[in-house]
Every structure is written in C-alpha cells, then in structure tokens.
Amino acid sequence: MVINLSEKNSLVNNWISEIRDVSIQTDRMRFRRNLERIGEVAAYEISKTLTFEDREVQTPLGISVCKVLADQPVLGTILRAGVPLHHGMLNYFDKADNAFISAYRKHHRDGSFEISLEYVSCPDLTDRVLILCDPMLATGSSLVKTIHFLKDEGVPKSIHVVCAIACTVGIEYVRREQPGVTIWCGDIDDELTAKGYIVPGLGDAGDLSYGTKQQQ
Ligand code: URA
C-alpha cells in the first residue's frame, strides 16, 4: 500500500514545496524542520492505523475512559539523512523505542555504487510495529537491504516506511521485494538519474540537513 500525503491539499504540500526549493533549502534549519514536520504528520496519520485500548484516567472531577495507544512502535532510521524525519516522528510517538542503522552508498570509479550497512542498534522487533524513516526513497535498494537486515532482530508485526519524496521505481522495488510494507510519502516523482538521484526531487537530503561530506 502507498499513501501519498500530498494527494489531498494540506500543509504537507507547503513543506514539500519548501524542501524542494533551491532558494529556501539553503536555510538548513528550515530544511530540517520541514522534514521534521512531515515526520510529525506521518506519525499522526500512521497512528490512526494502530491498535488503541481503553484506559481509566483520574481527572480532578472523576474518571474518564480514554483510548490510548496499546503498544509503542519502534522507530527506525537510516543514518544520517533520516534523522530529522525520525525526530519528527519521535515528537509524536514520544514513548517509542528506536533503531538506528548506518547505510551508505559506497561509490565505485565507474559511477556504480553498492549499499554498505555497518552499524545497527535495534531492540527485539518480534511482533512490534516498525516504522522506518528514509527521506528519499530512490532505488529502494538501501531500504530493502535494511529491512532484510532488521528482520534478523525479530519479525515485526507490520512495517511502515516514511519518506518525504519517493520515486516510482523505488516504490515498485520495495513492493516487489517486501510486499507487506506500507509506504507513506510526502510526494512521488517519476524520474531517477543514473547516479540514483530523484528528479525533480530536492538534491541530497543528508547534505542539505547536515552539510557536504567526503565521498566514501
Ligand atoms: N538520496 C537523496 O538524498 N536524494 C536523492 O535524490 C536520492 C537519494
């Protein structure tokens, strides 16, 4: 299942337009905050699909039976670009457990690249709701590799992926390789460059959030 959050008009459309805009994305703090806001809205939307239970709450005047989230999800992030989106999700799922995975593109001289996964910090995922944040779903290969890798930490009850911009090629790849996954995205673009960048996309989300890095 794929949910495009900008299909219906909402503030998400404004934030997507700002993270794409070359004249606005130079403001790094605004860029990160916009990703965080998209994460917050995605968390709210995903929460509507989760299980709630009744809890009796003592107010100063009596007892209120409130619906509360039955189980906390695990929020997983692919470092480093996923951090602002993750932070936004954690603002809303404030009692969630967290997983961190380092995945990067190891570039070869011929222009090709492979995904290298090195660091994983993760709770037991057995029967948990896993929500993975990755701002740019391009080829989908780092995401699929990450999901394979994480399944060694226990098989989750369900997996959601949250991204700011997804490419149709990446969506199809994830659907083929991990059919049960639900993808929540801020917008969908159709083109991918040979170097794996989404067009029109927004550029390099990690660099725009945190500055350029040396090529690996
Ligand atoms: N990662 C990015 O930061 N941007 C893209 O366009 C694709 C992957």
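The following refers to the structure shown. Values in this document were obtained by computation on a predicted structure and should not be read as measured data.

Right, let's talk about the site of the ligand for a bit. What surrounds the ligand is the set R105, M136, A138, G196, Y197, I198, G203, D204 and A205. For the ligand, a nitrogen atom lies 2.7 Å from a polar atom in the backbone of G203. At 2.8 Å from an oxygen atom of the ligand is found a main-chain nitrogen or oxygen belonging to A205. Protein chains bury 89% of the 240 Å² of accessible surface belonging to the ligand in isolation. Looking at the shell around the ligand, its residues break down into five nonpolar, two polar and two charged.

On to the nonpolar core, then. With 33 residues, the main nonpolar core has I19, M89, F93, I131, V162 and L202 as its most contacted residues. Of all the secondary structure elements, the ones that give two or more residues to this core are α1 (11–20), α2 (28–47), α3 (83–92), β7 (129–133), β9 (158–167) and α6 (205–210). In terms of residues, this core owes the most to one element, α2, which gives six residues. Excluding its chain neighbours within four sequence positions, the residues that come into contact with I131 are I46, P73, V74, L75, G76, M89, F93, H160 and V162. Counting 24 residues, the second-largest nonpolar core is a separate cluster that includes A99, L117, L125 and L132.

Contact geometry for α2 and α3: axes closest at 7 Å, N-to-C directions at 45 degrees. Accordingly, the angle class assigned to the pair α2 and α3 is oblique. As α2 runs across α3, the sense of the crossing is right-handed. On the side of α2, the interface is formed by R32, R33, L35, E36, I38, G39, E40, A42, A43, Y44 and I46, while α3 contributes P84, L85, H87, G88, M89, N91 and Y92.

Attention now moves to the pattern of salt bridges. This structure, assessed with the given rule, holds 13 salt bridges. With its nearest N and O atoms 2.9 Å apart, the salt bridge here joins R20 to D189. Of this pair, R20 sits in helix α1 while D189 sits in strand β10 (residues 182–189), and the two are 169 residues apart along the sequence. Residue D189 is classed as buried on the basis of its relative accessible area, which comes to 6%. With a closest N to O distance of 2.5 Å, R80 and D207 form a salt bridge.

So, how was this worked out
Residues numbered from 1 in each chain as written. Predicted model: local features only at pLDDT ≥ 70, side-chain atom pairs only at ≥ 80, totals over all residues. Heavy atoms only, no water. Near = heavy atom within 4 Å. Polar contact = N/O pair within 3.5 Å; in protein donor to acceptor, adjacent residues only side chain to side chain. Areas by Shrake-Rupley, 256 points an atom, 1.4 Å probe, with all protein chains shown as cover. Nonpolar A, V, L, I, M, F, W, Y, C, P; charged D, E, K, R; others polar. Core = buried A, V, L, I, M, F, W, Y, C linked by side-chain atoms within 4.5 Å. Buried < 20%, exposed > 50% of the residue type's maximum accessible area, 1.4 Å probe, protein only. Helix = DSSP H or I, 4+ residues; strand = E, 2+ residues; numbered from the N terminus. Contact = heavy atoms within 4.5 Å. Axes fitted to C-alpha atoms, helices over the stretch in contact; angles between N-to-C directions. Parallel < 35°, antiparallel > 145°, perpendicular 65-115°, else oblique. Left-handed = near helix turned anticlockwise from the far one by under 90°. Salt bridge = Lys/Arg side-chain N within 4 Å of Asp/Glu carboxyl O.

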